[in-house]
Structure formats: structure tokens, C-alpha cells
Amino acid sequence: MDGKTVFITGASAGFGAACARMFATDGNRLILTARRVDPLINLQEELSECADVHIIPLDVSDRGAVQGAVDGLPERFRAIDILINNAGLALGLEPAHQVDLDDWEKMVDTNIKGVMYCTRFVLPGMVDRNCGHIINISSTAGAWPYPGGNVYGGTKAFVTQFSRNLRCDLLGTRVRVTCIQPGMAETEFSKVRFKGNDELAAGVYKGTEPLTASDIAETVRWITSQPPHVNVNTLELMSIDQSWGPFAIHREQK
Ligand code: NDP
Ligand code: 8X3
């Protein structure tokens, strides 16, 4: 996996930052994007000895900004080999009839539109060069329902099906598409979901050994180091401490 150009969204924390650290070897060039600039600058400094890192402050839900970021890449970063559509978030865990509609819109704008925009602006170059790999970060929440998962799970179901449909459109090219569906992983994810409430966030992982950001980066390493004719379509992984529940049954009290 020598000398690839890797574009990562949501590189300021969690999976995205772990993927940046993992890719910062073997002469890879990194384009790291997120809304928060300070963590990107820190990561650029941390990785500067081993990788050529270009950072872009970017909100993936801003279509014009995504186009500007891709069109404005310095020459040596223009041929993107790997796009990691990772930026995303869950907001709240309320039932559908009580949820804040702004939260739903923000999840749709980030998790769906962000993936659409980044893919649409990066993909033509990959098709022209007849090589590339798009890795979309979906979730177990896109395949398995849970109370309060309403729109978050819906956005991740979009990511999963979009990934499969991309494979159909790209048949006959050497552009690969992979969808990763992680379960519970300890990052800033729950802190964001519970809007800064550290106690609620910590409760999600209490007494468990959740997946880590580094587990996801290692999964990405394995996927991207397969021979070029091997396309890993979908990969679901969970902590050993997570599994499925039985169907919920409502019973009238008699
Ligand atoms: P983190 O909260 O740790 O990281 C999320 C990243 O997304 C941050 O870098 C954040 O950067 C970025 N981001 C959020 N909104 C935007 C936006 N509008 N534009 C650009 N960047 C944005 O969470 P994770 O690392 O856990 O999450 C990464 C992905 O993995 C998400 O898509 C999430 O849904 C998914 N996932 C997470 C799981 C988990 O349990 N942790 C399990 C399954 C999937 P900034 O705030 O600086 O913009
Ligand atoms: C994150 C996993 O179960 O919190 O996508 O929705 S979960």
C-alpha cells in the first residue's frame, strides 16, 4: 500500500483520526478534513515526520465547500486513491414523537448528504484513472433497529445501500467500494449524541470492552491491502460484549 493519496472526512477525532495515524506510513499522502481546525493542526504536526499531510477545514454538509475543497487540492494531492467517508454523527436518543427536528435534519445533512457530496466530487477522478477505493462508514444501526435509533439508523441504512448501488454503477471499472458497519465503539460519538453529557456517554460503554477507533483503522488497513481484484463489499464488526436482543413485546397489564 505504498504512496497512496487518502482523503479522510471527520479526521479530527475517533475513527477518522485513527485511520489517519494508520495511513501515515509508507509514503502515503493524507488529506484530513473536519469542521474543527485545532485537532487537524495537531494531527498534522504529529504525523509530519512520516507523512505529507494536507488539512482542510470542511463541513461535509456544505455542498459548495466540498466541491471547493476537492477542486482546490494542491497538485500532489489531486489524484485521490482512497476516500474514507467517515464524518458522521448521532444526535439524541428520543422517540420519534419527541425528537428535535433540527437533530434529524443535521443527521441527514451530515450522514447522507455529506457522503453524497464527497463521493460525487471525488469519484470522477477515480473513474478517469480507472482506480480508487471508496470506504463508507455505516453502522450496525443501519441494519438492526433499536429504540431511539430512528433517523440515525435510517441515515446509516442509506449509506449501506448507497455503497451497494455504487458497486453496480462502477462495474467494469477498477474502482472499489466497501461499506463498514461497526457496532458500539468508544470515541467522541456518545458525547456528541448526548450533547456533552459525559456521564450519559460513559454509561454506554460501562462494564464492557467496546470496539476502539484503532480496531476500525486496522479493519480499514486489511480492506485496503487486499489485491486490486478483491472488493470487500460489506463488513460488520462488533465488540464481543454486544449482541442482538429478542423482539420487544408489549403486554397489557391485567
Ligand atoms: P467521533 O464523534 O469521535 O468523530 C466524528 C467525526 O466526524 C469528527 O471528526 C467530527 O469532526 C466529524 N464530523 C461530524 N460532523 C461533521 C460535518 N458536518 N462535517 C465534517 N466533519 C464532521 O465519532 P466516530 O469516530 O465514532 O464516528 C465516525 C463515524 O463512524 C460516524 O459516521 C459514525 O456514525 C460512525 N459509527 C460510529 C460508531 C461508534 O459507536 N462510535 C459505530 C458505528 C458507526 P468535527 O466535529 O471536527 O467536524
Ligand atoms: C453507532 C452504533 O449502536 O450506537 O453507529 O448506533 S450505535
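Relevant structure appears above.
Each value, and the rule that gives it
- Residues numbered from 1 in each chain as written.
- Chains lettered and ligands numbered in written order.
- Predicted model: local features only at pLDDT ≥ 70, side-chain atom pairs only at ≥ 80, totals over all residues.
- Heavy atoms only, no water.
- Axes fitted to C-alpha atoms, helices over the stretch in contact; angles between N-to-C directions.
- Helix = DSSP H or I, 4+ residues; strand = E, 2+ residues; numbered from the N terminus.
- Parallel < 35°, antiparallel > 145°, perpendicular 65-115°, else oblique.
- Left-handed = near helix turned anticlockwise from the far one by under 90°.
- Contact = heavy atoms within 4.5 Å.
- Nonpolar A, V, L, I, M, F, W, Y, C, P; charged D, E, K, R; others polar.
- Near = heavy atom within 4 Å.
- Polar contact = N/O pair within 3.5 Å; in protein donor to acceptor, adjacent residues only side chain to side chain.
- Areas by Shrake-Rupley, 256 points an atom, 1.4 Å probe, with all protein chains shown as cover.
- Salt bridge = Lys/Arg side-chain N within 4 Å of Asp/Glu carboxyl O.
- Buried < 20%, exposed > 50% of the residue type's maximum accessible area, 1.4 Å probe, protein only.
- Pairing = 2+ DSSP bridges.
- Right-handed = clockwise from strand over helix to strand, strands pointing away.

Put simply, helix H3 (residues 63-71) and helix H4 (residues 101-129) touch, their axes get as near as 9 Å, and they point 30° apart. Taken together, H3 and H4 sit at an angle that is classed as roughly parallel. Seen from above, H3 lies across H4 with right-handed handedness. Contacts from Arg-63, Val-66, Gln-67 and Val-70 in H3 reach Tyr-117, Cys-118, Phe-121 and Val-122 in H4. Among the residues making up the contact of H3 with H4, the classes are represented as six nonpolar, one polar and one charged.

We now examine the site of ligand 1. Not every one of the 28 residues close to ligand 1 is listed here, only the nearest: Ser-12, Arg-35, Asn-86, Tyr-152 and Thr-187. At 2.8 Å from an oxygen atom of ligand 1 is found a main-chain nitrogen or oxygen belonging to Asn-86. With respect to ligand 1, the backbone of Glu-188 contributes an N or O atom lying 3.1 Å from an oxygen atom. Relative to its free-state accessible area of 880 Å², ligand 1 is covered by the protein chains to the extent of 96%. Those elements giving two or more residues to the shell around ligand 1 turn out to be helix H1 (14-23) and helix H5 (150-170).

Charged atoms that come close allow side chains of opposite charge to pair. This model, assessed by the stated rule, comprises seven salt bridges. With its nearest N and O atoms 2.6 Å apart, the salt bridge here joins Asp-52 to Arg-76. Highlighted residues: Asp-52 in strand E3 (residues 52-57) and Arg-76 in the loop between H3 and strand E4 (82-85), separated in sequence by 24 residues. When the shortest N-O distance is used, the salt bridge between Glu-218 and Arg-221 registers 2.9 Å. In this pair, Glu-218 and Arg-221 are both assigned in helix H8 (residues 213-224), three residues apart and thus about one turn of the helix distant. Overall, the relative accessible area of 40% leaves Glu-218 in the partly exposed class.

Across the sheet, which stays open at both edges, the seven strands sit in the order E3-E2-E1-E4-E5-E6-E9 with parallel pairing between neighbours. Each edge of the sheet is formed by a strand with only one pairing partner; in this case those strands are E3 and strand E9 (234-237). The average angle at which neighbouring strand axes cross in this sheet is 15°, direction not considered. In this sheet, strand E2 (residues 29-34) lies alongside strand E1 (residues 5-9) in parallel orientation, the contact comprising five bridges. Each residue of the ladder has a partner; that of Ile-8, found in E2, is Leu-32. With respect to the sheet, H1 is in contact with E1, E2, E4, strand E5 (132-137) and strand E6 (175-182), its orientation differing from that of E1 by roughly 165°. Strands E4, E5, E6 and E9 of the sheet are contacted by H8, whose axis makes an angle of about 155° with E6.

If you check the shell around ligand 2, you find Ser-139, Ala-141, Tyr-146, Tyr-152, Phe-189 and Arg-193 and nothing else. Within the contact set of ligand 2, an oxygen atom lies 2.6 Å away from a side-chain nitrogen or oxygen of Tyr-146. Note that an oxygen atom of ligand 2 is positioned 2.6 Å from one of the side-chain N or O atoms of Tyr-152. Across the complex, the protein chains shield 82% of the 240 Å² of accessible surface that ligand 2 would expose by itself. Here the shell around ligand 2 is composed, by residue class, of four nonpolar, one polar and one charged.

Buried residues dominate E1, accounting for five of its five residues. Residue alternation in E1 divides its side chains into two sets, Thr-5, Phe-7 and Thr-9 and Val-6 and Ile-8, and both sets are buried. Note that the unit made of E1, H1 and E2 has a crossover that is right-handed. Where E1 meets E4, three bridges bridge the pair, whose relative direction is parallel. Across the sheet, Phe-7 pairs through a bridge with Leu-83, a residue of E4.

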